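Working through the structure, step by step
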Amino acid sequence: MAFEFVIFDLDNTLYPRGSGVMEEIGHRIQVWICDQLDLGWEEATELRYRYLRRHGTTMGGLMTEHNVDIDHYLTFVHDIPIEDYLEPNLALADMLAGIPLRKAVYTNATSEHGRRVLEALDVADHFERIIGIREVGLCNKFNREAYERMLALLDVGGEACIMVEDSPRNLPPAKALGMTTILIDHDEGERFIDVPEHCIDYAVDSVQEVGKVIEGSLKDDKNGP
Ligand SMILES: [Mg+2]
């Protein structure tokens, strides 16, 4: 099966962890929870960790265990001045241009946030599609179903896809659907969740190395097993 698509996660994948974007979104998630669920700061922190483990994201827990306005949540938490944190990344644009496959972004955030991030990095033109949480029916990457919906939207089978992700726990569902996986920044990943080794085909320190890995995979692909 030849590769057709490279599917990139967005946050902490296309830009480095520590850029401040996710810290700011995390802060706004805390503020929203304190406000809407009437909790103290510490309680909100505990709730987020609990939901992250149990439901994959804070939002997954909010949807399952509370009756809240998820649209309001999504709009509020992503309402950040993205240009304060990210700037055009020419090296990333060059790397993407060098990958001879179709490219999409698939994120647990909204596609509007995805669009703003890609524009801030000045790489939007390299992606033919941004699939966010609303496009897959608010189902997060914790669930295989979310990946199935994403693949259906791209009209491609899992075996033809390479998935690039910074969260190890998002890789097992991708692997189960036949995708080849590249883990970014694995040392800093969510270590509290064990991920079977076979779910990680390649591990690299930064997204910049993805081009080389894919070049190698394409050669292997051509030579056959
Ligand atoms: Mg991510």
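All values reported here derive from a predicted model rather than from experimental measurement.

In this section: the side chain of Asn170. Position of Asn170 among the secondary structure elements: in the loop between strand E4 (161-165) and helix H8 (171-176). Within the local environment of Asn170, its side chain forms a polar contact with the side chain of Glu165, the two groups lying 3.2 Å apart. Each residue touching Asn170, except ones within four places of it in the same chain, is listed here: Lys141, Phe142, Tyr147 and Glu165.

Ideal geometry at a metal centre gives angles of 109.5 degrees when four donors are arranged tetrahedrally and 90 or 180 degrees when six donors are arranged octahedrally. For the magnesium ion, every protein donor is listed as Asp9 (OD), Asp11 (O) and Asp166 (OD), and the spread of their distances is 2.1 to 2.2 Å. Sequence spacing of the donors to the magnesium ion: D-x1-D-x154-D. Taken together, the residues Asp11 in the loop between strand E1 (5-8) and helix H1 (21-37) and Asp166 in the loop between E4 and H8 connect sequence positions 155 residues apart. Looking at Asp166, the relative accessible area reads 4%, which means it is buried.

Along its sequence, the protein is carved into domain 1 (5-15 + 87-223) and domain 2 (21-77). Averaged C-alpha coordinates put domain 1 and domain 2 at centres separated by 24 Å. Tallying the contact residues gives 13 residues for domain 1 and 16 residues for domain 2. For the pair domain 1 and domain 2, the summed buried area comes to about 1200 Å², and 66% of that belongs to carbon and sulfur atoms. Scanning the region where domain 1 abuts domain 2 turns up one salt bridge. Arg134 is paired through a salt bridge with Asp71; the nearest N and O atoms lie 2.9 Å apart. On the surface where domain 1 and domain 2 come into contact, there are five residue pairs in polar contact (both at pLDDT 80 or more). Looking at the side of domain 1 that touches domain 2, its residues break down into five nonpolar, five polar and three charged.

Analysis parameters
- Residues numbered from 1 in each chain as written.
- Predicted model: local features only at pLDDT ≥ 70, side-chain atom pairs only at ≥ 80, totals over all residues.
- Heavy atoms only, no water.
- Helix = DSSP H or I, 4+ residues; strand = E, 2+ residues; numbered from the N terminus.
- Polar contact = N/O pair within 3.5 Å; in protein donor to acceptor, adjacent residues only side chain to side chain.
- Contact = heavy atoms within 4.5 Å.
- Donors = N, O, S within 2.8 Å, 3.2 Å for Na, K, Ca; no water.
- Buried < 20%, exposed > 50% of the residue type's maximum accessible area, 1.4 Å probe, protein only.
- Domains from an automatic or database assignment.
- Buried area = accessible area lost by both parts, 1.4 Å probe.
- Salt bridge = Lys/Arg side-chain N within 4 Å of Asp/Glu carboxyl O.
- Nonpolar A, V, L, I, M, F, W, Y, C, P; charged D, E, K, R; others polar.

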